[in-house]
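Chain by chain, the residues run as shown.
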Amino acid sequence: MIKEIGIGAILAVFIFLLFQGINLMPLIFFFGMLGAVYYLTQNGIIARKNYKNISKRDGIITFNEIGGQKTAKKELLEALDFIINEEKIKGLGIRPLKGILLIGPPGTGKTLMAKAAANYIDSVFITASGSEFIEMYAGVGAQRVRQLFKTAREEALKKEKSNAVIFIDEIDVLAGRRGQHQSHLEYDQTLNQLLVEMDGISVDDQVRLLLIGATNRPEILDPAIMRPGRFDRVVKVDLPDKEGRIHILKLHTKNKPLDSDVDLEIIAKETFGFSGAHLESLTNEAAILALRENKNKIQQKHFLEAVDKVIMGEKLDRKPKKDELYRVAVHETGHAIISEVVRPGSVSAITITSRGNALGYMRQTPEDDMYLYTKKYIENQIAVCMAGACAEQLIIGDKSTGSSNDFEQAVKLAKKIIFSGLSSLGVVDKENVSSKTIHNETKAILKKQEIFVNSVLEKNASVINKLVNILLDQEKIGGAQFKKLLKEIQRTKIKDYEIEERIIY
Ligand code: ATP
């Protein structure tokens, strides 16, 4: 608004002076120059971009504050010791380590690692994100890369440090394969400049620079950046395993009052696939839930509810109609019964509370961390997916759109069986197998599980009805209560239901 008024006022003055017969050329030239300088400054061509030096501002991070990640920390520390023992390195004629690349899913602690690394080698820490270097104007990104390295050197000298760590998050944005972007000249120039700056790092520099890059997509990086002499070390920062999750939970609950019933090991078991950032959010949500209930200590139930919240989102006020709610209860009970049959004790909670996009859900307790899956395991998961729709059909007499996500998931799992060479097709080449063959095999895999699920549910229709009534009454059934209620179910062994040649191809 102020800008518009200013422009209007200047124009009015110009017109007034013109009518007075004053020569405006010098003034126009002056304002033109001013405009050009402003434009270049805005685009980072003239002005020095203020890269954040966050080592002081954000508090110092040490490796002790990073949970799990034992291997990643070990590898990183080993690389950093190279820098600390500089004299020894020089003596042996070893070239300095110029770059370390941290790869892994979002929220696993890559930024924390870089900050801790800067602290470990007592250096300044300059941070930037790959997207900051991408501009439409050729040359701007390259100029920013030069500026970043210059800022790092200057900051280190100012703070009388002999090392500087430059951290570039989302480095894939800046260092993706060359020649792939529409405005590839600008992208290529920026990456070339980064390569030039990295090549310029030497042991004899007054300030020793270390570039730490982080990415979730290492596969798209330009091979030039990965060649020896640039990012020499690639450190994988993966999702934490159970031990790692316990460690992270302990770190993030250190400043929170916990009730005596809290068992972090159980929470860690329930949170397979959570990143450090998820776990941090979980502890925070649990504390908020305790506050809402006016409790001054966080209880186990708050953590368990926070798990649902982190996975599914906040509870919604949306209230489905009575018959819809009944259908949701039947659907979720179907999932839960089959989950219990294929893996006793696996139901963690069933609820008909709307969260995120779901009207209800059944949460399974993950088994101990698994990295390999057998055919039987995947088939069981397919059965659990199919069970919601099967229960609707059995109890209500028809199915609904509520099962579309389940079916999508089931098809994905069936394809996993096929492409892992575990189906009746044997080992298949994805490229050469027809979509009809895949379709038929997928159908057969799903059909086999559907028959199994129907046979279990039919035998347990009365149990489903009882559970549905309890669920409608309570909105949620916890894992322990579910188990108790299910004592009535005659445990069905999967092998009793092996399907013979009835499968329809
Ligand atoms: P992105 O790839 O999205 O940039 P990242 O891997 O850099 O993510 P961080 O920014 O380091 O993730 O982590 C985000 C937050 O998650 C941290 O501030 C911290 O609270 C928590 N966190 C992540 N990993 C860990 C961990 N290993 N130990 C403790 N806290 C963690």
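Residues numbered from 1 in each chain as written. Predicted model: local features only at pLDDT ≥ 70, side-chain atom pairs only at ≥ 80, totals over all residues. Heavy atoms only, no water.

1. Some remarks on helix α7 (residues 140-158)
The line we're drawing: Secondary structure counts use DSSP, requiring at least four H or I residues in a row for a helix and at least two E residues in a row for a strand, with both numbered from the N terminus. One less than the residue count of a helix, multiplied by 1.5 Å, gives the span that helix is expected to have.
Here α7 is 19 residues long and its end C-alpha atoms lie 26 Å apart, about the 27 Å a rise of 1.5 Å per residue gives. Of the residues trailing α7, Glu160 is marked for its positive phi of about 55°.

2. Remarks on the site of the ligand
Formally: One heavy atom within 4 Å of a molecule or strand makes the whole residue count as near it. Between N or O atoms, a polar contact is any pair within 3.5 Å; within protein, one atom must be a potential hydrogen donor and the other a potential acceptor, and residues adjacent in sequence are included only when both atoms are from side chains. For every accessible area listed, the method is Shrake-Rupley and the probe measures 1.4 Å; residues are considered covered only by the protein chains on display. Just so you know the grouping, Ala, Val, Leu, Ile, Met, Phe, Trp, Tyr, Cys and Pro go in nonpolar, Asp, Glu, Lys and Arg go in charged, and all remaining residues, Gly too, go in polar.
Residues in contact with the ligand amount to 17 residues; listed here are only the nearest, Gly67, Gly107, Lys110, Thr111 and His252. At 3.1 Å from an oxygen atom of the ligand is found a main-chain nitrogen or oxygen belonging to Leu112. Here the ligand, which alone exposes 630 Å², has 78% of that area covered by the protein. For the shell around the ligand, the elements supplying multiple residues, two or more each, are α6 (110-120), α11 (242-253) and α13 (276-292). Classifying every residue of the shell around the ligand by side-chain character gives five nonpolar, eight polar and four charged.

3. Considerations on the confidence of the model for the protein
Detailed reading of the predicted model is not advised wherever pLDDT is low. Here is the rule we go by: A score from 0 to 100, pLDDT tells how confident the predictor is in each residue. The contact criterion used throughout is that any non-hydrogen atoms of two residues lie within 4.5 Å.
Looking at the protein, pLDDT values average 83 and 87% of them are 70 or higher. Counting contacts from residues 43-48, a segment whose pLDDT is below 50, to residues more than four positions away or on other chains yields 15 contacts. pLDDT under 50 marks residues 490-505. Its contacts with residues more than four places away, or in other chains, come to 27 contacts.

4. Some words on the sheet that holds strand β7 (residues 347-351)
We count it as follows: Note on pairing: two strands pair once DSSP finds at least 2 bridges between them. Note on geometry: axes are lines fitted to C-alpha atoms, helical ones only across the stretch in contact, with angles between N-to-C directions running from 0 to 180 degrees.
Taking strand neighbours across the sheet as the criterion, the three strands line up as β8-β7-β9 in an open arrangement whose pairing is antiparallel. Single-partner strands in this sheet number two, and they are β8 (361-364) and β9 (476-478). When strand polarity is set aside, the average angle formed by the axes of neighbouring strands in this sheet is 10°. Relative to β9, β7 runs antiparallel, the two sharing three bridges. By the bridge assignment, Thr351 is partnered in β9 with Lys476. Each of β7 and β9 touches helix α19 (residues 461-474); the most contacted strand, β9, lies at about 110° to it.

5. Let's talk about the nonpolar core
Note the following rule: Here, the term nonpolar core denotes a set of buried Ala, Val, Leu, Ile, Met, Phe, Trp, Tyr and Cys residues that are joined through side-chain atoms within 4.5 Å. Accessibility here uses a 1.4 Å probe with only protein chains present; expressed as a share of the type maximum, an area under 20% marks a residue as buried, one over 50% as exposed, and anything in between as partly exposed.
By size, the foremost hydrophobic cluster in this structure holds 43 residues, and its most contacted members are Ile338, Ile350, Ile382, Val453, Leu457 and Phe482. Of all the elements in the fold, those that place two or more residues in this core are α15 (322-342), β7, α16 (375-395), α17 (404-419), α18 (435-459) and α19. Not counting chain neighbours up to four residues away, the residues in contact with Ile338 comprise Ala383, Val384, Ala387, Val453, Val456 and Leu457. Val124, Ala164, Leu191 and Leu209 belong to the second-largest nonpolar core, a separate cluster that totals 29 residues.

6. Describing the packing of aromatic side chains
Note on aromatic pairs: each is described by the distance of the centres and the angle between the planes. The criterion, for reference: Any two of the Phe, Tyr and Trp rings considered here, Trp counted by its six-membered ring, make a pair once their centres fall within 6.5 Å; the pair's planes then place it as stacked at under 30 degrees, edge-to-face at over 60, or tilted in between. Throughout this description, the term charge over a ring refers to an Arg CZ or Lys NZ atom that lies within 6 Å of the ring centre and within 35 degrees of the ring normal.
Following the criterion strictly, the structure yields three aromatic pairs and no others. A ring pair is formed by Phe63 and Tyr120, whose centres lie 6.0 Å apart and whose planes are at 75°; its orientation type is edge-to-face. One end of the pair, Phe63, is in the loop between α3 (54-57) and α4 (70-84); the other, Tyr120, is in helix α6, and 57 residues separate them in sequence. Measuring from ring centre to ring centre gives 5.3 Å for Tyr373 and Tyr377, while their planes differ by 35°; the resulting arrangement is tilted. Taking the relative accessible area as the measure of exposure, Tyr373 reaches 34% and is therefore partly exposed. In this structure, Lys430 is placed above the aromatic ring of Phe419, and the distance from its NZ or CZ to the ring centre is 5.0 Å.

7. Digging into α13
In this model α13 runs 24 Å from its N-terminal to its C-terminal C-alpha over 17 residues, within 8% of the 24 Å that 1.5 Å per residue would give. When we look at burial in α13, the residues that qualify are Gly276, Leu279, Leu282, Thr283, Glu285, Ala286, Leu289 and Ala290. Close packing links the buried residues of α13 with α11, α12 (264-270) and α14 (300-312). A positive backbone phi angle near 60° is found at Asn294, which sits one or two residues after α13.

8. Some words on the pattern of salt bridges
In a structure, side chains of opposite charge can pair up when their charged atoms sit close to one another. Our working definition: Each reported salt bridge corresponds to a side-chain nitrogen of Lys or Arg within 4 Å of a carboxyl oxygen of Asp or Glu.
Evaluated as defined, the whole model comprises 22 salt bridges. Among the ionic contacts, a cluster of salt bridges with common partners joins Glu270, Asp308, Arg363 and Lys476.

9. Looking at the packing of α16 against α18
For clarity, the cut-off: Each angle gets one of four labels, with under 35 degrees taken as roughly parallel, over 145 as roughly antiparallel, 65 to 115 as roughly perpendicular, and the rest as oblique. Each crossing gets its hand from how the near helix is turned against the far one by less than a right angle, where anticlockwise is left-handed and clockwise is right-handed.
Packing of α16 against α18 leaves a shortest axis separation of 8 Å and a crossing angle of 55°. Taken as axis vectors, α16 and α18 run oblique relative to one another. The two elements α16 and α18 cross, and the hand of that crossing is right-handed. Residues Glu379, Ile382, Ala383, Met386, Ala387, Cys390, Ala391 and Leu394 of α16 lie in contact with α18, whose contacting residues are Ile445, Leu446, Lys448, Gln449, Glu450, Phe452, Val453, Asn454, Leu457 and Glu458. The class makeup of the residues in the contact of α16 with α18 is twelve nonpolar, two polar and four charged.

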